[in-house]
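Now for the letters of each chain:
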Amino acid sequence: MISKKELADGIRFAGARAAAAATYVKDWDHQLGHQWTTADAFAHVAATAGGAANLVPMLGGGMLSGLGVDQIAQMNAQSISKQAGKTRDQLAKEIVEGHEASAKFVESLADADLAKTVTLGGYEMPLSEIIAQIWIHHAIAHSYEASARWPIQ
């Protein structure tokens, strides 16, 4: 299981890497392999970055397990639309600041709470590992998808 320190450090690292990717990517309007553009993906990362204090308490209660793909897609579309008009610098700053807020929230949690097994959709793992999925892997995955340009020419 990931330790609280590793988790908080990882969240901060993911935020920094996502912000760097947003800063350096060239084509902000590049169409990704689905409905989002590069800008949309970074807007999504920014919108979710600071959400640990609100979302983590819901993870253990099973409230989120009933959400379907369509509901999550609708929530994501709403959060992206709220970011409309923000510059890449604004989004990068929001990503870093949001990840910092989420890392600080994680640092406030009890080790026993982080160790509790949580079932969320197809996941059954300690709460700390689900938090890592959302605030580390998720941010890095979307940032890579939004900034990678293959094949390299």
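Residues numbered from 1 in each chain as written. Predicted model: local features only at pLDDT ≥ 70, side-chain atom pairs only at ≥ 80, totals over all residues. Heavy atoms only, no water.

Undergrad: So what about the overall build of the chain? Which residues, and what values?
TA: The number of helices and strands found in the chain is seven helices and two strands. Moving toward the C terminus, one meets the helices and strands of the chain in the order α-α-α-α-α-α-β-β-α. Over its C-alpha trace the chain gives a radius of gyration of 15 Å, about what one expects of a compact globule, namely 15 Å for 153 residues. Seen through its principal axes, the chain has C-alpha atoms that stretch 45 × 30 × 30 Å. Within the span of the chain, comprising 153 residues, buried residues form 40% of the whole. Residue pairs at least 24 apart in sequence account for 75% of intrachain contacts in the chain once pairs closer than 6 positions are excluded. Only carbon and sulfur atoms are counted for the fraction: they give 58% of the accessible area of the chain, which is about 8500 Å². (Helix = DSSP H or I, 4+ residues; strand = E, 2+ residues; numbered from the N terminus. Rg over C-alpha atoms; globule rule 2.2 N^0.38 Å. Buried < 20%, exposed > 50% of the residue type's maximum accessible area, 1.4 Å probe, protein only. Contact = heavy atoms within 4.5 Å. Areas by Shrake-Rupley, 256 points an atom, 1.4 Å probe, with all protein chains shown as cover.)

Undergrad: A description of the packing of helix α1 (residues 4-24) against helix α5 (residues 88-107) should follow, citing residues and the corresponding values.
TA: Each pair of packed helices gets described by two things: the angle between the helix axes and the distance between those axes. The geometry of α1 relative to α5 is characterised by a closest axis approach of 8 Å and an angle of 175 degrees between their N-to-C directions. In this view, α1 runs roughly antiparallel relative to α5, as classed from their interaxial angle. Packed against α1, whose contacting residues are Lys4, Leu7, Ala8, Ile11, Arg12, Ala14, Gly15, Ala16, Ala18, Ala19, Ala22 and Thr23, the element α5 presents Arg88, Ala92, Ile95, Val96, His99, Glu100, Ser102, Ala103, Lys104, Val106 and Glu107 at the interface. (Axes fitted to C-alpha atoms, helices over the stretch in contact; angles between N-to-C directions. Parallel < 35°, antiparallel > 145°, perpendicular 65-115°, else oblique.)

Undergrad: Now, about the layout of surface pockets: what can you tell me, with residues and values included?
TA: Regions of empty space are outlined by a rolling probe, equal in size to a water molecule, passed over the atoms. Counted as a void, the largest pocket has a volume near 1000 Å³. In this structure, the largest pocket is lined by 30 residues; those nearest its centre are His44, Leu55, Ile72, Asn76 and His138. Only α2 (38-49), α3 (52-59), α4 (69-82) and α7 (127-147) provide two or more residues apiece to the lining of the largest pocket. The element that contributes the greatest number of residues to the lining of the largest pocket is α4, accounting for eight residues. (1 Å grid on protein atoms, 1.4 Å probe; cavity = no way out; pocket = protein on both sides within 12 Å on 5 of 7 lines; lining within 4 Å. Points joined across faces, edges and corners; volume = space filled by probe spheres on them.)

Undergrad: Explain α4 residue by residue, including any values.
TA: Taking 1.5 Å of rise per residue, the 14 residues of α4 would be expected to cover 20 Å, and the 20 Å separating its terminal C-alpha atoms lies within 8% of that figure. Three or more residues of α4 are buried, namely Asn76, Ser79 and Ile80. Each buried residue of α4 sits inside an arc of 100 degrees when the element is viewed along its axis, so together they form one side. Opposite the buried face of α4, at more than 90 degrees from it, the exposed residues are Asp70, Gln74 and Lys82. In the core, the buried residues of α4 are packed alongside α2. (Expected span 1.5 Å × (residues − 1). Arc of directions from axis to C-beta.)

Undergrad: Go over the side chain of Ser128, please, and point to the residues and values.
TA: Of note, Ser128 is situated in helix α7. In contact with Ser128, not counting residues within four places along its chain, are Met1, Ile2, Leu7 and Leu114.

Undergrad: I'd like a description of α1, backed by residues and values.
TA: Across its 21 residues, α1 extends 30 Å between first and last C-alpha, which sits within 8% of the 30 Å expected from 1.5 Å per residue. Every buried residue of α1 is accounted for by Leu7, Ala8, Gly10, Ile11, Ala14, Gly15, Ala18, Ala19, Ala20, Ala21 and Ala22.

Undergrad: Give a detailed account of the nonpolar core, specifying residues and quantitative values.
TA: Core analysis: the largest hydrophobic core is formed by 42 residues, its most contacted members being Leu7, Ile11, Phe42, Val56 and Ile131. Within the residue set of this core, elements represented by two or more residues are α1, α2, α3, α5, β1 (117-120) and α7. With near-sequence residues (within four places) excluded, Phe42 lies in contact with Ala18, Ala21, Ala22, Val25, Trp28, Leu91, Ile95, Ser143, Ala146 and Ser147. (Core = buried A, V, L, I, M, F, W, Y, C linked by side-chain atoms within 4.5 Å.)

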